[in-house]
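Here are the chains, one letter per residue:
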Amino acid sequence: MTTNNNNEGRNMMESDFDILYEDNHLLGIVKPVNIPTQGDASGDPDLLSLLKEDIKERYQKPGNVYLGLVHRLDRPVGGAMIFAKTSKAASRLSESVRSRSFDKTYLAIVHGTPLKQQGRLTNTLLKNERTNTVSVVTKGTTGGKEAILDYEVIGTAAGDNLTLIRVTLLTGRPHQIRVQLSHIGCPLYGDQKYGQAFNKPGQQIALWSLYVGFPHPVSKEQIHITSLPPDEAPWSLWSRQTYKELARQL
């Protein structure tokens, strides 16, 4: 079993990013919040381009640097994320995603508490490209895609009416966690798009990529990378030990 913080083969020059795992085939990092994963209409600096430049500088590589995007995190979301450093690795990781051997676990803080302590949510989601919003629609709707996630309630902060939830994604749809939890009456803390009635402008969305696990595209060893949420509100409503224990369970 291979875990995070394996930096074998890294150049001695420091990266501008918190690196969780790196070898000749893969790069695992902590995605900072509020940076788009790849270029978008905003024109803001995007993570993929910044990482390519980071690799180019650390390894003094001439020409263009290849870095494959295997999965995405929404702009306001931070945490563990993996990239492919070769086209072969990208292809094999994409196959892992399709075969559901690519595991993704998130932590979310929501308003209210789900009726059940744990369960599976299955919905059909439809994305409006014009408004960049996603909605739950009737199964069979043209353009709709099935979205499945499992969730478990970890704890509640009764005075704040907030609940910490662990989410395991079984599909990877845009805004999936945000939309599906909002649909059951538990919008994410800070989510202005799908929980505007509950949140105040300027609040940071409380959704964090805790864990990514998958078979290494070359060695086939099981790779695990984890990242704990920041020690700040609203995450600080729960102890660091709680998050460490949740990471250890994966």
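Check the entry above for the structure.
Just so it is clear, the structure is predicted and the values come from calculations on it, not from any experiment.

## Details of the side chain of asparagine 123
With respect to the helices and strands, asparagine 123 occurs in strand 6 (residues 118-128). Within the local environment of asparagine 123, its side chain forms a polar contact with the side chain of glutamine 180, the two groups lying 2.7 Å apart. Beyond its immediate stretch of four places on either side in the chain, asparagine 123 contacts Val136, Lys145, Glu146, Ala147, Gln180 and His183.

## Quick look at the pattern of salt bridges
Counted under the stated rule, the structure contains eleven salt bridges. The partner of glutamate 22 in a salt bridge is arginine 58, and the shortest N-O contact between them spans 3.2 Å. One end of the pair, glutamate 22, is in strand 1 (residues 19-22); the other, arginine 58, is in helix 1 (residues 47-58), and 36 residues separate them in sequence. A relative accessible area of 1% means that glutamate 22 is categorised as buried. Measuring nitrogen to oxygen at the nearest pair gives 2.6 Å for the salt bridge that ties glutamate 152 to arginine 166. Within this pair, whereas glutamate 152 is found in strand 8 (residues 145-157), its partner arginine 166 is found in strand 9 (residues 162-169), the two being separated by 14 residues in sequence.

## Concerning the packing of aromatic side chains
Under the counting rule described, the total for this entry stands at two aromatic pairs. With 5.5 Å between their ring centres and 15° between their planes, phenylalanine 102 and phenylalanine 214 make a pair best called stacked. Taken as a pair, phenylalanine 102 in the loop between helix 2 (87-98) and strand 5 (103-111) and phenylalanine 214 in strand 10 (residues 207-215) lie far apart in primary sequence, 112 residues in all. Take phenylalanine 102 and phenylalanine 214: they sit in the same class, and that class is buried. Each ring, one from tryptophan 235 and one from tyrosine 243, has its centre 6.2 Å from the other, and the planes form 75°; the classification is edge-to-face. Taken individually, tryptophan 235 and tyrosine 243 each receive the classification buried, so the pair is uniform in this respect.

## Describing the side chain of glutamine 176
Tracing the backbone through its elements, the reader meets glutamine 176 in helix 3 (residues 176-183). Look at glutamine 176 and you get buried, because its relative accessible area is 2%. Separated by 2.9 Å, the side chain of glutamine 176 and the backbone oxygen of isoleucine 148 make a polar contact. With residues up to four places along the chain from it excluded, the contact list for glutamine 176 reads Leu125, Ala147, Ile148, Leu149, Leu169 and Thr171.

## Description of the pairing of strand 7 (residues 133-137)
The pairing of strand 6 with strand 7 spans five bridges and is antiparallel. Considered in strand 7, the bridge of threonine 124 is made with valine 137. The turn linking strand 6 back onto strand 7 is made up of four residues, and asparagine 132 within it adopts a positive phi angle of 55°.

## Digging into unusual backbone geometry
In this structure, the amide linkage connecting alanine 233 to the following residue, proline 234, adopts the cis form with an omega of 0°. In this fold, proline 234 is placed in the loop between strand 11 (222-226) and helix 4 (240-248). Of note, the phi angle at asparagine 34 is positive, near 65°, even though the residue is not glycine. A positive phi is found at histidine 175, a non-glycine position, where the angle reads about 60°. Relative to the elements of secondary structure, histidine 175 occurs in the loop between strand 9 and helix 3. You can call histidine 175 buried: its relative accessible area is 9%.

How each quantity is defined
Residues numbered from 1 in each chain as written. Predicted model: local features only at pLDDT ≥ 70, side-chain atom pairs only at ≥ 80, totals over all residues. Heavy atoms only, no water. Helix = DSSP H or I, 4+ residues; strand = E, 2+ residues; numbered from the N terminus. Polar contact = N/O pair within 3.5 Å; in protein donor to acceptor, adjacent residues only side chain to side chain. Contact = heavy atoms within 4.5 Å. Salt bridge = Lys/Arg side-chain N within 4 Å of Asp/Glu carboxyl O. Buried < 20%, exposed > 50% of the residue type's maximum accessible area, 1.4 Å probe, protein only. Phe/Tyr/Trp six-rings, centres within 6.5 Å; stacked < 30°, edge-to-face > 60°. Pairing = 2+ DSSP bridges.

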